[in-house]
Amino acid sequence: MPRQDAAVSPGTPPPGRPAAAPPAPGPTPVTPVAVCVGESMAVLLPDRPGPLESVESFRLSVGGAESNVAGALAALGVPSAWLSRVGDDGFGRRLLGELAARGVDVSAVAVDPHRPTGLYLKEVGGTTGDRHDLGPGRSRLHYHRRGSAAAALSPALLADPAAARLLAGARLLHLSGITAALSDDCLALLRALLADRRPGRLVSFDLNWRPALWRERDPSVLPPLLDAADLLLLGADEAETAFGTGDPQELRRRFPSPATLVVKDAARLVTAVGRDGSTVGEPALAVEVVEATGAGDAFAAGYLAGTVRGLDQRRRLRLGHLSAACALTAHGDQAELPPAAVVTALLDASPEDWAATRVSADGIVSPVLSAPTAPALTAETAAPGGGAADPRPAAAKALGAP
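Starting afresh in each chain, residues are numbered from 1 along the sequence in its written order. Side-chain atom pairs in this predicted model are given and counted only at pLDDT of 80 or more, local residue features only at pLDDT of at least 70, and totals for whole chains, interfaces and linings cover all residues. Values shown for side chains rest on all heavy atoms present in the structure; no hydrogens or waters enter the calculation.

## Regarding the packing of helix α1 (residues 65–75) against helix α9 (residues 295–308)
It is the contact of α1 with α9, at a shortest axis distance of 8 Å, that shows an interaxial angle of 45 degrees. Judged by the inter-axis angle, α1 sits oblique to α9. Read as a crossing pair, α1 and α9 show a hand that is right-handed. In contact with A65, N68, V69, A72 and L73 of α1, α9 contributes D297, A300, A301, L304 and A305. Axes here refer to lines fitted to C-alpha atoms; in helices the fit is confined to the stretch in contact. Angles between the N-to-C directions go from 0 to 180 degrees. Numbering of helices and strands runs from the N terminus; a helix is a DSSP stretch of H or I covering at least four residues, while a strand is a stretch of E covering at least two. Angular relationships are summarised with four words: roughly parallel below 35 degrees, roughly antiparallel beyond 145, roughly perpendicular across 65 to 115, and oblique for the angles in between. In this scheme, a crossing is called left-handed if the near helix is turned counterclockwise away from the far one by less than a right angle; it is called right-handed if the turn is clockwise. Between two residues, a contact is recorded if the distance between any of their heavy atoms is within 4.5 Å.

## Things to note about the side chain of S80
Along the chain, S80 falls in strand β4 (residues 80–83). Buried residues are those whose accessible area, probed at 1.4 Å on protein chains only, stays under 20% of the maximum for their type, while exposed residues exceed 50% and partly exposed ones sit between those limits. For S80, a relative accessible area of 2% puts it in the buried group.

## A look at the pairing of strand β10 (residues 202–206)
When you tally the buried positions in β10, you get 4 out of 5 residues, the bulk of the element. As judged from the 5 bridges shared by strand β9 (residues 172–176) and β10, these two strands associate in the parallel manner. Looking across to β10, one finds that H174 is bridged to S204. Strands are labelled as partners when DSSP assigns at least two bridges between them. Pairing analysis gives 3 bridges linking β10 to strand β11 (residues 231–235), with the strands arranged parallel. Across the sheet, residue S204 finds its bridge partner in β11, namely L231.

## Looking at the pairing of strand β14 (residues 279–283)
Pairing of strand β13 (residues 269–274) with β14, which is carried by 5 bridges, proceeds in the antiparallel orientation. Within β14, the position partnered with L269 by the bridge is P283. What sits between the antiparallel neighbours β13 and β14 is a turn of 4 residues, in which G277 has the positive phi angle 90 degrees.

## Some points on the sheet that holds β13
Strand order in the open sheet formed by 8 strands is β4-β1-β9-β10-β11-β12-β13-β14, with mixed pairing between adjacent strands. What marks the edges here is a single partner per strand, and that holds for β4 and β14. Looking at each pair of strands side by side, their axes are set apart by 15 degrees on average, direction ignored. Packing against the sheet, α9 makes contact with β9, β10, β11, β12 (260–265) and β13, and its axis sits at approximately 145 degrees to β12. The strands touched by helix α10 (residues 313–328) within the sheet are β12, β13 and β14, with β14 carrying the most contacts at an inclination of about 35 degrees.

## Here's the deal with helix α2 (residues 90–101)
Every helix has an expected span of 1.5 Å times one less than the residues it contains. Given a rise of 1.5 Å per residue, 12 residues ought to cover 16 Å, and the 16 Å separating the end C-alpha atoms of α2 matches this to within 8%. If you check which residues of α2 are buried, you get G92, L95, L96, E98 and L99. In a view along the axis of α2, the buried residues occupy a sector of 165 degrees, so they form one face of it. Where α2 terminates, the next one or two residues include G103, which has phi positive at roughly 95 degrees. Here, the arc refers to the directions that run from the helix axis to the C-beta atoms.

## Some words on unusual backbone geometry
Its identity as a non-glycine residue notwithstanding, N208 has a phi of 45 degrees, on the positive side. Looking at the element boundaries, N208 is found in the loop between β10 and α6 (222–227).

## A few points about the nonpolar core
Grouped together as the largest cluster of nonpolar side chains are 52 residues, with contacts concentrated most on L73, W82, V262, F299 and L319. Elements that contribute at least two residues to this core include exactly β1 (34–37), α1, α2, β11, β13, α9, α10 and α11 (340–347). Here this core gets 8 residues from one element, more than from any other, and that element is α9. Excluding residues within four positions of it along the chain, V262 makes contact with L231, L232, L233, L234, V270, T271, A272, F299, Y303 and L317. In these notes, a set of buried Ala, Val, Leu, Ile, Met, Phe, Trp, Tyr and Cys residues joined through side-chain atoms within 4.5 Å is what counts as a nonpolar core. Core analysis: the next-biggest nonpolar cluster, separate from the first, contains 46 residues, A162, L189, W209 and L226 among them.

## Considering the pattern of salt bridges
Salt bridges are defined as contacts in which a side-chain nitrogen from Lys or Arg sits within 4 Å of a carboxyl oxygen from Asp or Glu. One pass over the full model with this rule turns up 20 salt bridges. Between E98 and R102 there is a salt bridge, with the nearest N and O atoms lying 3.6 Å from each other. A residue is classified by how much of its surface remains accessible, and R102, at 24% relative accessible area, is partly exposed. Linking R254 and E250 is a salt bridge whose minimum nitrogen-to-oxygen distance equals 3.3 Å. Pair noted here: R254 and E250 are both in helix α8 (residues 248–254), with a separation of 4 residues, about one helical turn. Exposure remark for R254: the relative accessible area of 39% places this residue in the partly exposed category. Linked through salt bridges whose partners overlap, the residues forming this network are R94, E98 and R102.

## With respect to the environment of A229
If you trace the backbone, A229 turns up in the loop between α6 and β11. Sequence spacing of A229 and L202 is 27 residues, and the spatial spacing of their C-alpha atoms is 8.2 Å.

Now the structure itself:
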């Protein structure tokens, strides 16, 4: 349960600091293995495809790169926490509630009584014929995040006892370039986190290039941040825009320090490049795309889960691809992975069988499967009354998670 700031009054913690709350009943919480830091927002999803002016109503959800990764990691059996700030408003409460329901530790999230929770609207393309329609399989995000609670993240986070406890116990710290663009204080926080190197902790950094966020800021601050990470994730297209090249070897020369650099070439190939220039490439799965939003975060979570579990490089890439494919075939930013046996079979498939695998909203068809396989049930629907006989997510069982 998150600890929230009350209205400002004598004896109340200053804005942005969590206030103590009684412990929630239930089993002893699991110490997070992964900690993800960054802004998340309320999301308004349209009731139909087409330009925004044609939409009659919206459904409320939540989204954000780092919290998407945290939620997907939890689904993959990697205990995760999300560090951030939200406003003392309904959107903030919805965000915290949904992340907690996904199994993400939000105990150190600060609730700001003065700044709002960020918001964005999703526009989904269709076949309306309207000249403003984005077209099938395409989407656009419209952000309203200036002055948000998360924009006030700063190095002061490191002095907060709840956040410090989570960071001290983390084996994986996940960051992204979005945070650097939100404010000077957010940039200072990233620099402080990257400078605080600890034995046994891997720092991953996803570029997550958002041009709109950099219109009034200097993107030259990004390269030193990326080069300070242990694991760097970049999309070839976004790297081309931000740095003038999407070539894995050229990017490896630009960023020599990370132990591994992972370059995602959209629907074609993902390449992992070591410090010595050695490469492992894995082609993407064939996917019938429903919506593209969230696929990059899903790939990152799959790859990071494979890294935490000690999978070899090829299986890490495959788990990233599989996670992304499931996100591409679902509405919203989160998706379910198939049952444990399916995950294992696909990670172990021959190159030929992997290439012949097809993923759609109806399930997965592959030579390694005896029948088409639908996504796994969620924890809420796995058993009557919302319970489940085995609380571990299906994919977590495939990876040997406790």
